[in-house]
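# Structure at a glance
Take a look at the letters that make up each chain.
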Amino acid sequence: MTQISKWETGASVLIYLSALTPMVFLRAQYFPFVAPRAFYLVAVSELAVVAACWVIAFKRQALPKINRILVALAVFVFAQVIAGAFGGDWLSSFWSFLA
C-alpha cells in the first residue's frame, strides 16, 4: 500500500473545497454574490495546482497518463498564454478580470 503524503491530501481537500463555491457569500462586497465566489474559486484552484505540482515534482508516478483530454487542455492553456501575451494590455489580457 502506498503512503499518501500531506500534499496529496491537501490537493484533494482543495479540489473538494472548490465544490463549496456556491455557498460563499460576503456581505461587505459591493457585489456580495459574484465577486467573493470568483475570488474564492481562483484562490482554491491556484492552491490546488500548486499542491498538485508539488506532489508531481517529488512523486513521478503521480503524473497523469497522456490522453486526448490532457492534450486538449494543454493546447487550450497554450492558446490562452499566446493570446494573453499578444493582447493590447497583456496583464489584463492574461489575467482577465483579476488584474
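A brief report on the enclosed structure follows. Bear in mind the structure is a predicted one, so any value in this text is a computation, not a measurement.

## Focus on the overall build of the protein
Of the regular secondary structure elements, the protein holds four helices and zero strands. Seen in sequence order, the protein has helices and strands lined up from the N terminus as α-α-α-α. Relative to its 99 residues, the protein shows a buried fraction of 13%. Excluding contacts between residues fewer than 6 apart, the proportion of contacts in the protein whose partners are at least 24 apart in sequence is 40%. Surface summary for the protein: the accessible area is close to 8,400 Å², and the carbon and sulfur share equals 72%.

## Some points on a nonpolar patch on the surface
Taken together, Phe25, Tyr30, Phe31, Phe33 and Val34 make up a surface patch of nonpolar side chains, about 630 Å² in accessible area. Summarising the element assignment, Phe33 is placed in the loop between α1 (6-17) and α2 (35-58).

## Digging into the pattern of salt bridges
Counted according to the given criterion, the structure contains one salt bridge. Note that Glu8 and Lys59 form a salt bridge whose closest N and O atoms lie 3.2 Å from each other. Residue Glu8 is located in helix α1, and its partner Lys59 is located in the loop between α2 and α3 (68-85); the two are separated by 51 residues in the primary sequence. Here Glu8 falls in the buried class, since its relative accessible area comes to 17%.

## Quick look at α1
Under the 1.5 Å per step criterion, the end-to-end length of α1 is 16 Å for 12 residues, consistent within 8% with the ideal 16 Å. Burial in α1 covers these residues: Glu8, Ala11 and Leu14. All buried residues of α1 fall inside an arc of 125 degrees around its axis, so they share one side. Residues of α1 that are exposed and angled more than 90 degrees away from the buried face: Lys6 and Tyr16. If you follow the buried residues of α1, they end up packed against α2.

## Quick look at the packing of α1 against α2
Viewed as axis vectors pointing N to C, α1 and α2 meet at an angle of 155 degrees, and their least axial separation amounts to 8 Å. Between α1 and α2, the crossing angle belongs to the class labelled roughly antiparallel. When the axes of α1 and α2 are compared, the crossing they make is left-handed. Along its contact with α1, which presents Trp7, Glu8, Ala11, Leu14, Ile15 and Leu17, the element α2 presents Tyr40, Val44, Leu47, Ala48, Ala51, Ala52, Trp54 and Val55. Among the residues making up the contact of α1 with α2, the classes are represented as 13 nonpolar, no polar and one charged.

Rules used in this analysis
Residues numbered from 1 in each chain as written. Predicted model: local features only at pLDDT ≥ 70, side-chain atom pairs only at ≥ 80, totals over all residues. Heavy atoms only, no water. Helix = DSSP H or I, 4+ residues; strand = E, 2+ residues; numbered from the N terminus. Buried < 20%, exposed > 50% of the residue type's maximum accessible area, 1.4 Å probe, protein only. Contact = heavy atoms within 4.5 Å. Areas by Shrake-Rupley, 256 points an atom, 1.4 Å probe, with all protein chains shown as cover. Patch = residues over 30% accessible without salt bridge, like charges linked within 9 Å, V, L, I, M, F, W, Y side chains within 5 Å. Salt bridge = Lys/Arg side-chain N within 4 Å of Asp/Glu carboxyl O. Expected span 1.5 Å × (residues − 1). Arc of directions from axis to C-beta. Axes fitted to C-alpha atoms, helices over the stretch in contact; angles between N-to-C directions. Parallel < 35°, antiparallel > 145°, perpendicular 65-115°, else oblique. Left-handed = near helix turned anticlockwise from the far one by under 90°. Nonpolar A, V, L, I, M, F, W, Y, C, P; charged D, E, K, R; others polar.

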